[in-house]
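Single-letter residue listing:
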Amino acid sequence: QVQLVESGGGLVRPGGSLRLSCAASGSIFSINAMGWYRQAPGKQRELVATITGGSTNYADSVKGRFTISRDNAKNTVDLQMHSLKPEDTAVYYCNADIIDSDYLPRLSWGQGTQVTVSS
């Protein structure tokens, strides 16, 4: 019923920038928190950034380099990434805490988008 679709991933040089976007669609009544997570090969999925109302939260490894933002009218969340490092290479997943059209809460995940930082 609810889909999250990420876009904007790709290959970027160290020190470069990339902007990820996630669009939620389907049977949505409202969305509470939204966020980005990532998973590198052989590692656990980790939180990158979340945004809830006017509050944001960032992993220490990305703080000062990444910025998360939302457009509530469009049900989208973006992640602007600057000063990218090879260690940022991972599959990035969009996450949303959704109240669906049946007024039921559900935690939704996107399919992931690959970000590769390499020279």
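Up top is the structure.
All values derive from a computational prediction rather than experimental measurement. (Residues numbered from 1 in each chain as written. Predicted model: local features only at pLDDT ≥ 70, side-chain atom pairs only at ≥ 80, totals over all residues. Heavy atoms only, no water.)

1. Quick look at the pattern of salt bridges
When their charged atoms lie close together, side chains carrying opposite charge are able to pair.
Alright, step 1. Inspection of the entire model under this criterion finds 5 salt bridges.
Alright, step 2. Note that D78 is salt-bridged to R19, the shortest N-O span being 3.1 Å. Here D78, found in strand β8 (residues 76-81), pairs with R19, found in strand β3 (residues 18-26); they are 59 residues apart in sequence, far enough to count as distant.
Alright, step 3. Classification of R19 by relative accessible area gives partly exposed; the value is 43%.
Alright, step 4. Note that D100 is salt-bridged to R106, the shortest N-O span being 2.9 Å.
Alright, step 5. According to the relative accessible area criterion, R106 is partly exposed, its value standing at 33%.
Alright, step 6. Each of the salt bridges in this network shares a partner with another, and the network as a whole consists of R38, E46, R65 and D88. (Salt bridge = Lys/Arg side-chain N within 4 Å of Asp/Glu carboxyl O. Helix = DSSP H or I, 4+ residues; strand = E, 2+ residues; numbered from the N terminus. Buried < 20%, exposed > 50% of the residue type's maximum accessible area, 1.4 Å probe, protein only.)

2. Details of the pairing of strand β10 (residues 105-109)
Alright, step 1. Note that strand β9 (residues 90-100) and β10 share 5 bridges and pair antiparallel. For D97, the partnering residue across the bridge sits in β10 and is L107. (Pairing = 2+ DSSP bridges.)

3. Concerning the nonpolar core
Alright, step 1. Counting residues in hydrophobic clusters, the biggest one holds 31 residues, and the most contacted among them are W36, L79, M81 and Y92.
Alright, step 2. Put simply, the parts of the chain that give this core at least two residues each are β1 (2-7), β3, β4 (28-39), β5 (46-52), β7 (66-71), β8, β9 and β11 (113-117).
Alright, step 3. For this core, the element with the highest residue contribution is β9, accounting for 5 residues. (Core = buried A, V, L, I, M, F, W, Y, C linked by side-chain atoms within 4.5 Å.)

4. Here we look at the state of the cysteines
Alright, step 1. Under the counting rule described, the total for this entry stands at 1 disulfide.
Alright, step 2. A disulfide bridge connects C22 with C94, and the sulfur atoms are separated by 2.1 Å. When the S-S torsion is -80°, as for the bridge of C22 with C94, the disulfide is left-handed. With C22 in strand β3 and C94 in strand β9, the pair connects residues that are 72 residues apart, well separated along the chain. (Disulfide = S-S within 2.5 Å.)

5. Structural notes on the packing of aromatic side chains
Alright, step 1. As enumerated under the stated definition, the model contains 2 aromatic pairs in all.
Alright, step 2. Residues F29 and Y103 carry aromatic rings whose centres are separated by 5.0 Å and whose planes lie at 70° to one another, so their mutual orientation is edge-to-face. With F29 in strand β4 and Y103 in the loop between β9 and β10, this residue pair connects regions lying 74 residues apart in the sequence. Side by side, F29 and Y103 carry an identical accessibility label, which is exposed.
Alright, step 3. Measuring from centroid to centroid gives 5.0 Å for Y37 and W109, while their planes differ by 65°, and the two rings are edge-to-face. (Phe/Tyr/Trp six-rings, centres within 6.5 Å; stacked < 30°, edge-to-face > 60°.)

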